[in-house]
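# Notes for the structure review
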Amino acid sequence: MPRTLIRKNPSNFKTLPLYVEATPEGLSYQSVGMPLNFSQTLQRRRPVTVPDTERFSLELANLGVSVRLTLHWQNRDYWVLVRQRRQDRGDVVLKLISGYVPAHELNLPLHTAIQEIAEECLLETPEGWLGGRFNDTWLPAPYSSALHYREALPFRLTPLSGSARPVRCAKMQLIERPRAYVHLPTASLQLIYDLRLDVPKEAKSLSLFHVDERLEGDQLVARLDRKRPDLYLMPLQDGQPMAELYTLKKDQLYPASTRGLYLAESFAQQEGWLVRDERIRWKDWVRQQGLSPPGKDSGLARLRGKAKQLLKKIVPRKAVR
């Protein structure tokens, strides 16, 4: 049965509409108008049109932030994706860890991104849940009232190389150079940070879980469901993604089905500063990336084959009568 970790009042969240100016050389944004609560923000997330993909000025509903998180575990790299039922769009997708940027952090969206990792990506060992550090700063432990965190064995977050085109909040250039795009269907500006998460070697029997807040009545509720971890790993080979998905439970990778799967719009094609799609089919994204779907010769299949051969040597066959 899912375990309730925390309840929040959604009316406490406030964000601000944005005025965005884009040129081929860079993009800048600044807040306009009065703070909006969550419901007011959703009402403003209506489709907009822009004639030029590289040069425009327009007002948008909100600022969103995502993290393309590269998890380093047992000498392999994986992208981290999470499953989300998007109530405002009526669909289910795999997406990057992401969230809305509150009004008081519009000039420091990296801080929001780090908090989203702490809230959405949970790492469990038999001795407790792992805390984390970004450089010299401890990540928050948002569920400390319900879960036991191991502060002595933190994972490490470090920035990876950022986008070539600068993004500014007013006149201040954002650090770590996030990738930016305007999502036309929701009239929002989205920033994507590239970060790396190093799992400590001492963390044994590791399991990964995704926790997301859902609006239930007049409360935002975060629940942990062990039967549905909802956090997926996409292996990287030489820095490039492979068309495979896994869940991780007690140091074991389990293949996840991609049948009928959709990815969020951050995986869709970007034209200049614009993304026009709501989502993209997994098979279409695989085709666009020039990837080959996993076959019988995938790494996990080879590993299972070796295990079966070893088992045959250890367990004698039954005698034939």
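Please refer to the structure placed before this passage.
Please read all numbers here as calculations on a predicted model, not as lab measurements.

What counts, and at which threshold
Residues numbered from 1 in each chain as written. Predicted model: local features only at pLDDT ≥ 70, side-chain atom pairs only at ≥ 80, totals over all residues. Heavy atoms only, no water. Core = buried A, V, L, I, M, F, W, Y, C linked by side-chain atoms within 4.5 Å. Buried < 20%, exposed > 50% of the residue type's maximum accessible area, 1.4 Å probe, protein only. Helix = DSSP H or I, 4+ residues; strand = E, 2+ residues; numbered from the N terminus. Contact = heavy atoms within 4.5 Å. Expected span 1.5 Å × (residues − 1). Phe/Tyr/Trp six-rings, centres within 6.5 Å; stacked < 30°, edge-to-face > 60°. Lys NZ or Arg CZ within 6 Å of the ring centre and 35° of its normal. Pairing = 2+ DSSP bridges. Axes fitted to C-alpha atoms, helices over the stretch in contact; angles between N-to-C directions. Polar contact = N/O pair within 3.5 Å; in protein donor to acceptor, adjacent residues only side chain to side chain. Arc of directions from axis to C-beta.

What follows is about the nonpolar core. With 58 residues, the main nonpolar core has Tyr29, Phe56, Leu69, Ile117, Leu123, Leu157 and Leu189 as its most contacted residues. Looking at which element gives the most residues to this core, the answer is strand β5 (residues 62-73), with six residues. If we ignore the near neighbours within four places in the chain, the residues touching Leu123 are Gly128, Trp129, Leu130, Phe155, Leu197, Val199, Leu206, Ser207 and Leu208. Core analysis: the next-biggest nonpolar cluster, separate from the first, contains 21 residues, Leu81, Ile192, Ala243 and Val275 among them.

Attention now moves to helix α2 (residues 109-120). In this model, α2 (twelve residues) spans 16 Å end to end at C-alpha, consistent with the 16 Å of a helix rising 1.5 Å per residue. The buried fraction of α2 amounts to ten of the twelve residues, a majority that puts the element mostly inside the structure. Among the residues of α2, those classed as buried are Pro109, Leu110, Thr112, Ala113, Ile114, Glu116, Ile117, Ala118, Glu119 and Glu120.

Our next topic: the packing of aromatic side chains. Counted under the stated rule, the structure contains seven aromatic pairs. Taking 6.3 Å as the distance between ring centres and 70 degrees as the angle between the ring planes, the aromatic pair formed by Phe13 and Tyr100 counts as edge-to-face. Highlighted residues: Phe13 in the loop between β1 (3-8) and β2 (18-23) and Tyr100 in strand β8 (residues 97-100), separated in sequence by 87 residues. A relative accessible area of 23% means that Tyr100 is categorised as partly exposed. An aromatic cluster of three or more residues is present, and its members are Phe13, Phe38 and Tyr100. Arg165 extends its terminal NZ or CZ atom over the ring of Trp273, reaching a point 3.9 Å from the ring centre.

Ordered by their spatial adjacency, three strands build an open sheet running β1-β19-β18, and the pairing between neighbours is antiparallel. Of all strands in the sheet, those with a lone pairing partner are β1 and β18 (213-216), marking the two edges. Strand after strand, the sheet turns through a mean of 35 degrees between neighbouring axes, direction not considered. Alignment of β18 against strand β19 (residues 219-224), held across four bridges, turns out to be antiparallel. Of the residues in β19, the one forming a bridge with Leu215 is Leu220.

In this section: the environment of Leu106. Note on placement: Leu106 falls in the loop between β8 and α2. As for Leu106 and Ser11, which are separated by 95 residues in sequence, their C-alpha atoms are 18 Å apart. If sequence neighbours within four positions are ignored, Leu106 has contacts with Leu16, Leu18, Tyr29, Ser31, Leu63, Val101 and Cys169.

Locating Asp194 in the fold gives a position in strand β16 (residues 188-198). Reaching out from Asp194, the side chain makes a polar contact with the side chain of Arg68 at a distance of 2.9 Å. What Asp194 contacts, discounting residues up to four positions off in sequence, is Arg68, Pro159, Leu160 and Ser161.

Bridge count for strand β22 (residues 246-249) against strand β23 (residues 252-255) is four bridges, and the pairing is antiparallel. Within β23, the residue paired with Tyr246 across the bridge is Pro255. Between β22 and the antiparallel strand that follows it, β23, lie two residues; Lys250 among them carries a positive phi value of about 50 degrees.

A few words on helix α3 (residues 282-289). Residues Trp282, Trp285 and Val286 constitute the buried set of α3. Taken down its axis, α3 places every buried residue within 100 degrees of arc, on the same side. Residues of α3 that are exposed and point more than 90 degrees away from the buried face comprise Lys283 and Arg287. Positive phi appears at Gly290, one or two residues downstream of α3, with a value of about 70 degrees.

What follows deals with the sheet that holds strand β13 (residues 167-169). Taken in spatial order, the five strands make up an open sheet running β4-β2-β3-β13-β14, and their pairing is mixed. A single partner strand is all that each edge strand has here, and the edge strands are β4 (56-60) and β14 (172-173). Where β13 lies against β14, two bridges are found, and the strand directions are antiparallel. Note on β14: the bridge partner recorded for Cys169 is Met172.

Another aspect to go through is unusual backbone geometry. At Arg177, a residue that is not glycine, the phi angle is positive and equals roughly 45 degrees. With respect to the helices and strands, Arg177 occurs in the loop between β14 and β15 (179-183). Look at Arg177 and you get partly exposed, because its relative accessible area is 32%.

Here strand β17 (residues 207-210) shows two buried faces, one formed by Ser207 and Phe209 and the other by Leu208 and His210. Both strand β9 (residues 121-125) and β17 contribute to a ladder of four bridges, which runs antiparallel. Within β17, the residue paired with Glu124 across the bridge is Ser207.

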